[in-house]
Amino acid sequence: MKIDLTQPNPTIDAADLGKLLDIPPAQIITLMRSGAITSRFESGIEEDAATHRLTFWHNDMRVRFTCDNNGNVLKTSRNTAKRTP
């Protein structure tokens, strides 16, 4: 699994995200455009400077990917969590 960091906004394959959110990949982009799936991208600092975190929320589900500077996913987590502002 890999995150594309070469674009202005990081991207991940809809099949990879859909599997973790229990959503068919074909519905991912529609749900993102409608705001039903939201995301946040963060870059590490200090000892985490070589890593990035891409987090997605849908309903009460949070999926988080941690990757290196090349976009290689190092860690994935999935849990129940509401997004806080």
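Below is a short write-up of the structure.

About the cut-offs
- Residues numbered from 1 in each chain as written.
- Predicted model: local features only at pLDDT ≥ 70, side-chain atom pairs only at ≥ 80, totals over all residues.
- Heavy atoms only, no water.
- Phe/Tyr/Trp six-rings, centres within 6.5 Å; stacked < 30°, edge-to-face > 60°.
- Buried < 20%, exposed > 50% of the residue type's maximum accessible area, 1.4 Å probe, protein only.
- Core = buried A, V, L, I, M, F, W, Y, C linked by side-chain atoms within 4.5 Å.
- Helix = DSSP H or I, 4+ residues; strand = E, 2+ residues; numbered from the N terminus.
- Contact = heavy atoms within 4.5 Å.

**Looking at the packing of aromatic side chains**
Taken as a whole, this structure holds one aromatic pair when the rule is applied. The interplanar angle of 80 degrees and the centroid separation of 6.2 Å between the aromatic rings of Phe 56 and Phe 65 together place this pair among those described as edge-to-face. Taking the relative accessible area as the measure of exposure, Phe 56 reaches 4% and is therefore buried. For Phe 65, a relative accessible area of 0% translates into the label buried.

**Here's the deal with the nonpolar core**
When a protein is soluble and globular, its nonpolar side chains tend to lie buried together. Counting residues in hydrophobic clusters, the biggest one holds 15 residues, and the most contacted among them are Leu 17, Leu 21, Ile 37, Phe 56, Val 63 and Phe 65. Among the elements that take part in this core, strand S5 (residues 61-68) stands out by supplying four residues, more than any other. Residues in contact with Phe 65, not counting those within four places in the same chain, are Met 1, Ile 3, Ile 12, Leu 17, Leu 20, His 52, Arg 53, Leu 54, Phe 56, Val 73, Lys 75 and Thr 76.

Read these as layout, nothing more, since geometry by itself doesn't imply function.
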